[in-house]
Amino acid sequence: MRLVLMADTHVPKRARDLPSQLWTAVDEADVVIHAGDWVHEPLLDVLESRAARLVGVYGNNDGPELRARLPEIARVELAGLRVAVVHETGPAAGRERRCADRFPDCDLLVFGHSHIPWDTEAPGGLRLLNPGSPTDRRRQPYATYLTAEISDGRLDEVVLHRLPRRT
């Protein structure tokens, strides 16, 4: 099962649209995960129409229209992997322990908010992934998103994709 993970798209405030490389990945994925801060409801509509399956949550910058359509926390099982998606996890210090306590029944937690890519493992084996942002790199050298594979309940081939700088 092929995954695309993104967060903090902030369309149209930070970019008019998602980068074409990311749209190609969306079209090829079995599941697309968006960890919040969409900002613009039409992006949700387009992702719903293009993704084979979409799992998304709202973020702190998402208004009432998006909050009416998306949960704060999503939980799904994908090819035997127990996945949770949330926008905010709090400060980086102590994140693994907090998230392991908050999501004890999960194998993978996908989150956003910081725009900073993150890939760690908490005590007990919970994997934490933040794909960064494909449109607003903030203090990061590149805008980013993640792809991964799930097979037999295992997460494999997690790849951080760096997008070309916009000129």
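Residues numbered from 1 in each chain as written. Predicted model: local features only at pLDDT ≥ 70, side-chain atom pairs only at ≥ 80, totals over all residues. Heavy atoms only, no water.

K.L.:
Tell me about the sheet that holds strand β8 (residues 127-130), residues and numbers included.
P.N.:
Hydrogen bonds along the backbone pair up the strands of a sheet, which may run parallel or antiparallel. Strand order in the open sheet formed by 5 strands is β4-β5-β6-β8-β7, with mixed pairing between adjacent strands. Since the sheet does not close on itself, it has two edges, and those belong to β4 (73-78) and β7 (118-121), each with one partner. Direction aside, neighbouring strands of the sheet carry axes that sit 15 degrees apart on average. In this structure, strand β6 (residues 108-110) lies alongside β8, joined through 3 bridges in parallel fashion. Note that in β8 the partner of Leu108 across the bridge is Arg127. Of the strands in this sheet, β4, β5 (81-86), β6, β7 and β8 touch helix α4 (residues 95-102), which is tilted by about 70 degrees from β7. (Pairing = 2+ DSSP bridges. Helix = DSSP H or I, 4+ residues; strand = E, 2+ residues; numbered from the N terminus. Axes fitted to C-alpha atoms, helices over the stretch in contact; angles between N-to-C directions. Contact = heavy atoms within 4.5 Å.)

K.L.:
Kindly report on the packing of helix α1 (residues 20-28) against helix α2 (residues 41-50), identifying the contributing residues and their values.
P.N.:
In contact at an axis separation of 9 Å, α1 and α2 are set at 45 degrees when each is read in the N-to-C sense. Judged on the interaxial angle alone, α2 and α1 are oblique. Each of Trp23, Val26 and Asp27 in α1 lies in contact with α2, whose residues at this interface are Leu43, Val46, Leu47 and Arg50. Partitioned by chemical class, the residues of the contact of α1 with α2 number 5 nonpolar, no polar and 2 charged. (Parallel < 35°, antiparallel > 145°, perpendicular 65-115°, else oblique. Nonpolar A, V, L, I, M, F, W, Y, C, P; charged D, E, K, R; others polar.)

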